[in-house]
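Architecture at a glance
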Amino acid sequence: MEGPRWTMVSVWLVLLLPTVVLGGRIVKEEQRWMAEMRGRSILENGLGRTPPMGWNSWNHFKCSIDEKMIRETANSIVSSGLAALGYKYINLDDCWAESYRDSKGNLVPKASAFPSGIKALADYLHGQGLKLGIYSDAGTKTCSATMPGSLGHEEQDAKTFASWEVDYLKYDNCNNQNVNLKSRYKNMSQALLKTGRSIFFSLCEWGQEDPATWAAGVGNSWRTTGDISDDWNKMTLLADENDKWASYAGPGGWNDPDMLEVGNGGMTTEEYRSHFSIWALAKAPLLIGCDVRSLSNETLAILGNSEVIAVNQDELGVQGRKVKSNDKLEVWAGPLTGGKVAVVLWNRGYSQATITAHWADIGLNPSSAVDVRDLWEHSSFYAEGNLTSTVSSHACKMYVLTPK
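Given the structure is predicted, the values throughout are model-derived calculations rather than measurements.

Our focus in this paragraph is empty space enclosed by the protein. Under the criterion given, the structure shown has three cavities of 30 Å³ or more. Here the largest cavity is characterised by a volume of approximately 70 Å³. Taken together, N56, N91, Y168, K170, S202, L203, C204, R223, D256, D258, M259 and L287 make up the lining of the largest cavity.

If you look at the biggest cluster of nonpolar residues, it comprises 85 residues, and the most contacted ones within it are I77, Y87, W96, F201, F276 and W279. Three or more residues apiece are contributed to this core by two domains, here domain 1 (53-313) and domain 2 (321-403). If we ignore the near neighbours within four places in the chain, the residues touching F201 are L43, L169, Y171, Y185, M188, S189, L192, V218, G219, N220 and S221. Listed in part, the 19 residues of the second largest apolar core include V331, A333, L387 and V391.

Within the open sheet, the eight strands sit side by side as 11-10-9-8-7-4-3-12. Their pairing is parallel. One side of each edge strand has no neighbouring strand; the edge strands of this open sheet are strand 11 (254-256) and strand 12 (286-288). Each strand axis lies, on average, 25° off the axis of its neighbour in the sheet, ignoring direction. Bridge count for strand 3 (residues 53-56) against strand 12 is three bridges, and the pairing is parallel. Bridging across to strand 12, W55 finds its partner in I288. Together, strand 4 (89-91) and strand 7 (131-137) form the strand contacts of helix 5 (residues 118-127), whose direction differs from that of strand 7 by roughly 145°.

Turning next to the UniProt feature "domain: Alpha galactosidase C-terminal" (unreviewed entry) in the protein chain. UniProt's entry tags residues 327-401 with the feature "domain: Alpha galactosidase C-terminal" (unreviewed entry), counted in the numbering of this structure. The annotated region residues 327-401 carries 0% helix and 59% strand content, and the separation between its end C-alpha atoms amounts to 25 Å.

Domain annotation for the protein chain reports domain 1 (53-313) and domain 2 (321-403). Its C-alpha centre places domain 1 at a distance of 31 Å from the equivalent point of domain 2. Each partner contributes to the interface: domain 1 provides 23 residues, whereas domain 2 provides 19 residues. Where domain 1 touches domain 2, the interface holds three salt bridges. Between domain 1 and domain 2 we count eleven residue pairs in polar contact (both at pLDDT 80 or more) in total. Counting residues per element, the ones that place at least two in the side of domain 1 that touches domain 2 are helix 8 (232-243), helix 9 (269-281), helix 10 (297-303) and helix 11 (306-312). Classifying every residue of the side of domain 1 that touches domain 2 gives eleven nonpolar, five polar and seven charged.

Parameters and conventions
- Residues numbered from 1 in each chain as written.
- Predicted model: local features only at pLDDT ≥ 70, side-chain atom pairs only at ≥ 80, totals over all residues.
- Heavy atoms only, no water.
- 1 Å grid on protein atoms, 1.4 Å probe; cavity = no way out; pocket = protein on both sides within 12 Å on 5 of 7 lines; lining within 4 Å.
- Points joined across faces, edges and corners; volume = space filled by probe spheres on them.
- Core = buried A, V, L, I, M, F, W, Y, C linked by side-chain atoms within 4.5 Å.
- Buried < 20%, exposed > 50% of the residue type's maximum accessible area, 1.4 Å probe, protein only.
- Domains from an automatic or database assignment.
- Contact = heavy atoms within 4.5 Å.
- Pairing = 2+ DSSP bridges.
- Helix = DSSP H or I, 4+ residues; strand = E, 2+ residues; numbered from the N terminus.
- Axes fitted to C-alpha atoms, helices over the stretch in contact; angles between N-to-C directions.
- UniProt positions renumbered as here; feature names shortened; annotations may be inferred.
- Salt bridge = Lys/Arg side-chain N within 4 Å of Asp/Glu carboxyl O.
- Polar contact = N/O pair within 3.5 Å; in protein donor to acceptor, adjacent residues only side chain to side chain.
- Nonpolar A, V, L, I, M, F, W, Y, C, P; charged D, E, K, R; others polar.

Right, dumping it as structure tokens:
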């Protein structure tokens, strides 16, 4: 990675990290972060230079998937304008295959759900300017136990996926027979590379063996947490669990706190806005998990906020993180290209409160004057020394600060 980019990141971290207070502890890790990122091994498939964006079937549909619904979903992603904003991957999760392999040992699409086959589905999506993702497991069966896993069939299944022109593989961790975890994921990674097709590789081992510390040379994203659910407490827990690995993410390989629940109905609009804001700031994959065929205006306004998406897709690729916390009143921040800083003021408490981000908290010179862009209100103003806002319970404010 080129020198000027790292110089700017280093300056931000030198300012920020020695002064970050988390629960009374002083966090000093800038030198470790720089050393790790300079020596970071990246999977040589050229993918994931920014976090992936798209849709996945599991959160809303579980095993109730078929080619008609997938095609309708693709049509809605396009017609709603979400595809134009970057949501390109349409990912099948578990349950797309029969419970058996064919006489040659190949995976077989479920005839009742995908009678046209996976290649025909890929062709349809590619014709829409979209990409197809598929699912398998680094075990003998998938997590639903309704279809075979790829353990011992890595090269065969990778060739099958490539022949179908698949663009993305989510690789789960059930029924793994206690075979060494790292070797199972490395075997599939190598098998995908051998196909010659560019296939984004998403490791889904639930953060079991701290994949942030080793998976950058194996996959393009790695789960740092267990499964998400459409619940405020679970969502905030995963945000915190993912945050501790922030220093390991970057272009080519991303921390993954699981898919988005926005629009599934278990949280309020403000809670979903917080969910989306933190995932965007944390450079998490933005994989929609609701039924996009029936999007409400509120859900579309969240998922379709181009200014928040731009923070997630910023080419600098530094994961924003929690930099200040005081009784559930939090400041999250991270650097962007051009010397800008993204900031989220997040109220995780039970009543409205005022939250302040001082420039020293977020890596800015205390004397700096900045232009502030409110990404949810779509308004701009000027600030000096600090940024203060009154934030409702379970809500957030998100900004991009540009030093003058």
